[in-house]
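Examination of the molecular architecture
What follows is each chain in one-letter form.
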Amino acid sequence: MTASEEKFTRQTLLDVQTLTPSLFTLRTTRDPGFRFRAGQFARLGVTKADGSAVWRAYSMVSAPHDDYLEFFSIVVPGGEFTSELSRLRVGDELRVDRQAFGFLTLDRFVDGRDLWLLSTGTGLAPFLSILQDFEVWQRFERIFLVYSVREACELAYQPLIAGLGERDYLAEHAGKLRYLPLVTRETHPAALHGRITTLLENGELERAAGQVLEPEHSRIMLCGNPQMIEDTRALLKARDLQLSLSRRPGQVAVETYW
Ligand SMILES: Cc1cc2nc3c(=O)[nH]c(=O)nc-3n(C[C@H](O)[C@H](O)[C@H](O)COP(=O)(O)OP(=O)(O)OC[C@H]3O[C@@H](n4cnc5c(N)ncnc54)[C@H](O)[C@@H]3O)c2cc1C
């Protein structure tokens, strides 16, 4: 099989940043033919010592207009894929599927005024891509980025989030973003304390946002831990905020990571 017939391209690692012992970021070259919508994911492949390849889904952190790809990864102890991925260094090869996938994109919503982006851990990744793309800033009046981690040292991409408003193409819209970090296992002066579900149930999240969730104006994206997604969906459903389907537009879109 020639390289152009393969279902993937071979990209080169440009940068690797270790954030904590279990979190790191990767930047790679990008095939000029690779297209995606902000919020989508690609399948990444690494080659194991025995020559076989392992593949896993990864959301793009980088924007569709960037000429590189960036990913944000967990290290699962003994995990088949992340054990290999976390060993890669600048100059190494990473396989990237030619096609991007996924429905956690703004296409899921036909309308809406407020966008709520609710993430746990590496589930932040697709929201960083969405926030670096211009469309979201044009379409929504208010954007709430909720990012839940266990310990404050796991809050990744803080300079990127803080710097969004300084990008020339976003400057006039920067006031639309309200960033709400949550830390569940310790208290931190700049973060809310508790899980997304707890803070939704007791009203603290909406109080901190200064905005209520309601079907007419709120559109909500959930990404990360499957239990958070299941429990949050149930809470939202009870408030008449429904999953958005192509045959029935709604308020909620989800991406479950495992
Ligand atoms: C659509 C989609 C997009 C994804 N995007 C990302 C991403 O951007 N970054 C990322 O790190 N992972 C992402 N994942 C998860 C990723 O595909 C792998 O599961 C992860 O790399 C672990 O692979 P593994 O073989 O080492 O462990 P696996 O055998 O795949 O997983 C073992 C266990 O590790 C835990 N786990 C897996 N992924 C995570 C995670 N991200 N955070 C916390 N615990 C986890 C779960 O308990 C899981 O059962 C995504 C998954 C899906 C379906």
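For the structure given in this document, a descriptive report is provided here. What you see is a predicted model; the values in this text were computed from it and never measured.

**Let's talk about the overall build of the chain**
Looking only at helices and strands, one finds 7 helices and 12 strands in the chain. The globule rule puts the C-alpha radius of gyration for 258 residues at 18 Å, and the 18 Å found for the chain is close to it. On the principal axes, the C-alpha backbone points of the chain span a range of 55 × 40 × 35 Å. Across the 258 residues of the chain, 51% fall into the buried class. Taking all contacts inside the chain whose residues are at least 6 apart in sequence as the whole, residues at least 24 apart take part in 71%. Separation of charge centres in the chain, based on 30 positive and 34 negative side chains, amounts to 4 Å.

**Examining the site of the ligand**
The environment of the ligand is made up of 19 residues, and the closest members are Ala57, Tyr58, Phe72, Phe81 and Thr82. A distance of 2.6 Å is found between an oxygen atom of the ligand and a side-chain nitrogen or oxygen belonging to tyrosine 58. Burial of the ligand by the surrounding chains reaches 76%, relative to a free accessible area of 870 Å². Counting atoms within 2 Å of the grid points, the majority share of the ligand lands in the largest pocket. Of all elements in the fold, only strand 4 (53-59), strand 5 (68-74), helix 1 (80-85) and strand 12 (252-256) reach the threshold of two or more residues within the shell around the ligand. Counted by class, the shell around the ligand contains 10 nonpolar, 6 polar and 3 charged residues.

**So, the pairing of strand 1 (residues 8-20)**
Pairing geometry for strand 1 and strand 6 (residues 93-97), over 5 bridges, is antiparallel. Within the sheet, the bridge partner assigned to arginine 10 lies in strand 6 and is arginine 95. Strand direction decides the pairing type here: strand 1 and strand 2 (residues 23-29), joined by 6 bridges, are antiparallel. Bridge pairing in strand 2 links aspartate 15 to arginine 27.

**Here we look at the sheet that holds strand 6**
Strand order in the open sheet made by the 6 strands is 4-3-6-1-2-5, with antiparallel pairing throughout. Looking at strand neighbours, the two that pair on one side only are strand 4 and strand 5, the edges of this open sheet. Taking the axes of each pair of neighbouring strands and ignoring which way they run, one obtains an average angle of 35 degrees across the sheet.

**Side note on the layout of surface pockets**
Approximately 1,100 Å³ is the volume found for the largest pocket. The wall of the largest pocket is formed by 41 residues, among which Ile74, Thr120, Thr122, Asn225 and Trp258 lie closest to the centre. For the lining of the largest pocket, the elements supplying multiple residues, two or more each, are strand 4, strand 5, helix 1, strand 8 (142-149), helix 5 (196-201), helix 7 (226-237) and strand 12. Its residues placed into classes, the lining of the largest pocket shows 17 nonpolar, 16 polar and 8 charged.

**Examining unusual backbone geometry**
The phi angle at tyrosine 157 is positive, at roughly 60 degrees, despite the residue not being glycine. Inspection of the secondary structure puts tyrosine 157 in the loop between strand 8 and helix 4 (158-163). Its relative accessible area of 12% is what places tyrosine 157 among the buried residues.

**Regarding a positive patch on the surface**
Where like charges cluster on the molecular surface, the positive patch consists of Arg233, Lys237, Arg247 and Arg248. Along the chain, the position of lysine 237 falls in helix 7. Assessed through its relative accessible area of 54%, lysine 237 is described here as exposed.

About the thresholds
- Residues numbered from 1 in each chain as written.
- Predicted model: local features only at pLDDT ≥ 70, side-chain atom pairs only at ≥ 80, totals over all residues.
- Heavy atoms only, no water.
- Helix = DSSP H or I, 4+ residues; strand = E, 2+ residues; numbered from the N terminus.
- Rg over C-alpha atoms; globule rule 2.2 N^0.38 Å.
- Buried < 20%, exposed > 50% of the residue type's maximum accessible area, 1.4 Å probe, protein only.
- Contact = heavy atoms within 4.5 Å.
- Lys, Arg positive; Asp, Glu negative; His and termini not counted.
- Charge placed at Lys NZ, Arg CZ, Asp CG, Glu CD.
- Near = heavy atom within 4 Å.
- Polar contact = N/O pair within 3.5 Å; in protein donor to acceptor, adjacent residues only side chain to side chain.
- Areas by Shrake-Rupley, 256 points an atom, 1.4 Å probe, with all protein chains shown as cover.
- 1 Å grid on protein atoms, 1.4 Å probe; cavity = no way out; pocket = protein on both sides within 12 Å on 5 of 7 lines; lining within 4 Å.
- Sits in = over half its atoms within 2 Å of the grid points.
- Nonpolar A, V, L, I, M, F, W, Y, C, P; charged D, E, K, R; others polar.
- Pairing = 2+ DSSP bridges.
- Axes fitted to C-alpha atoms, helices over the stretch in contact; angles between N-to-C directions.
- Points joined across faces, edges and corners; volume = space filled by probe spheres on them.
- Patch = residues over 30% accessible without salt bridge, like charges linked within 9 Å, V, L, I, M, F, W, Y side chains within 5 Å.
- Salt bridge = Lys/Arg side-chain N within 4 Å of Asp/Glu carboxyl O.

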